[in-house]
Amino acid sequence: MTCDEAKILLHALLDNELDAGHAREVEAHIAGCPDCAAEFAAQREMQRVLADTDLRYAAPASLRARIEASLP
Ligand SMILES: [Zn+2]
């Protein structure tokens, strides 16, 4: 497996979208390739941070009141 192929499959591996055979191939490549291992670690960290972050933004009550007031 080349680095280009591994990098494409890294994301699928992180999302648990690979079958066992492809997952093993990517993991074997990562184990022997510091470059892809670093990329994998960075992507995993990004995924973890995004999962921990509350990305929902609650609109202020005044905005809700204005919208409701404008509705027929
Ligand atoms: Zn590589």
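Here is a short report on the structure shown in this document. (Residues numbered from 1 in each chain as written. Predicted model: local features only at pLDDT ≥ 70, side-chain atom pairs only at ≥ 80, totals over all residues. Heavy atoms only, no water.)

1. Overview of unusual backbone geometry
Here comes step 1: Despite not being glycine, asparagine 16 shows a phi value in the positive range, around 55°.
Here comes step 2: Tracing the sequence through the fold places asparagine 16 in the loop between helix 1 (3-14) and helix 2 (20-32).
Here comes step 3: With a relative accessible area of 70%, asparagine 16 lands in the exposed category. (Helix = DSSP H or I, 4+ residues; strand = E, 2+ residues; numbered from the N terminus. Buried < 20%, exposed > 50% of the residue type's maximum accessible area, 1.4 Å probe, protein only.)

2. As for the coordination of the zinc ion
Here comes step 1: Every protein donor of the zinc ion is listed here as Cys3 (SG), His29 (NE2), Cys33 (SG) and Cys36 (SG), and their distances to the metal cover 2.0 to 2.3 Å.
Here comes step 2: Its four donor atoms give the zinc ion angles of 101 to 114° at the centre, a pattern that matches the tetrahedral case.
Here comes step 3: All donors to the zinc ion come from one chain, and their sequence spacing reads C-x25-H-x3-C-x2-C. This pair shows no difference in class: cysteine 33 is buried, exactly as cysteine 36 is. (Donors = N, O, S within 2.8 Å, 3.2 Å for Na, K, Ca; no water. Tetrahedral: all angles 85-135°; square planar, octahedral: opposite > 155°, others 65-115°.)

3. Here we look at a negative patch on the surface
Here comes step 1: A cluster of acidic residues, Asp4, Glu5, Asp19 and Glu25, forms a negative patch at the surface.
Here comes step 2: For aspartate 19, the position within the fold is in the loop between helix 1 and helix 2.
Here comes step 3: The partly exposed category is assigned to aspartate 19, whose relative accessible area is 43%. (Patch = residues over 30% accessible without salt bridge, like charges linked within 9 Å, V, L, I, M, F, W, Y side chains within 5 Å. Areas by Shrake-Rupley, 256 points an atom, 1.4 Å probe, with all protein chains shown as cover. Salt bridge = Lys/Arg side-chain N within 4 Å of Asp/Glu carboxyl O. Lys, Arg positive; Asp, Glu negative; His and termini not counted. Charge placed at Lys NZ, Arg CZ, Asp CG, Glu CD.)

4. Here's the deal with the packing of helix 2 against helix 3 (residues 34-52)
Here comes step 1: Look at helix 2 against helix 3: their axes get within 5 Å of each other, and the N-to-C directions meet at 115°. What the angle tells us is that helix 2 and helix 3 run roughly perpendicular. Along this stretch, helix 2 crosses helix 3, giving a crossing that reads as left-handed. Of the residues in helix 3, those in contact with His29, Ile30 and Gly32 of helix 2 are Pro34, Cys36, Ala37 and Phe40.
Here comes step 2: When its residues are assigned to classes, the contact of helix 2 with helix 3 shows five nonpolar, two polar and no charged. (Axes fitted to C-alpha atoms, helices over the stretch in contact; angles between N-to-C directions. Parallel < 35°, antiparallel > 145°, perpendicular 65-115°, else oblique. Left-handed = near helix turned anticlockwise from the far one by under 90°. Contact = heavy atoms within 4.5 Å. Nonpolar A, V, L, I, M, F, W, Y, C, P; charged D, E, K, R; others polar.)

5. Observations concerning the pattern of salt bridges
Here comes step 1: Applying the stated criterion across every chain yields a total of four salt bridges.
Here comes step 2: Residue lysine 7 is joined to aspartate 35 by a salt bridge in which the shortest nitrogen-to-oxygen separation is 3.1 Å. Here the residue lysine 7 occupies a position in helix 1, and aspartate 35 occupies one in helix 3, the gap between them amounting to 28 residues.
Here comes step 3: Residue arginine 64 is joined to glutamate 68 by a salt bridge in which the shortest nitrogen-to-oxygen separation is 3.1 Å. With arginine 64 and glutamate 68 both in helix 4 (residues 61-70) and four residues apart, the pair spans about one turn of that helix.
Here comes step 4: Under the relative-accessibility criterion, arginine 64 is labelled exposed at 57%.
Here comes step 5: A single network of salt bridges, built from pairs that share partners, joins Glu45, Arg48 and Asp52.

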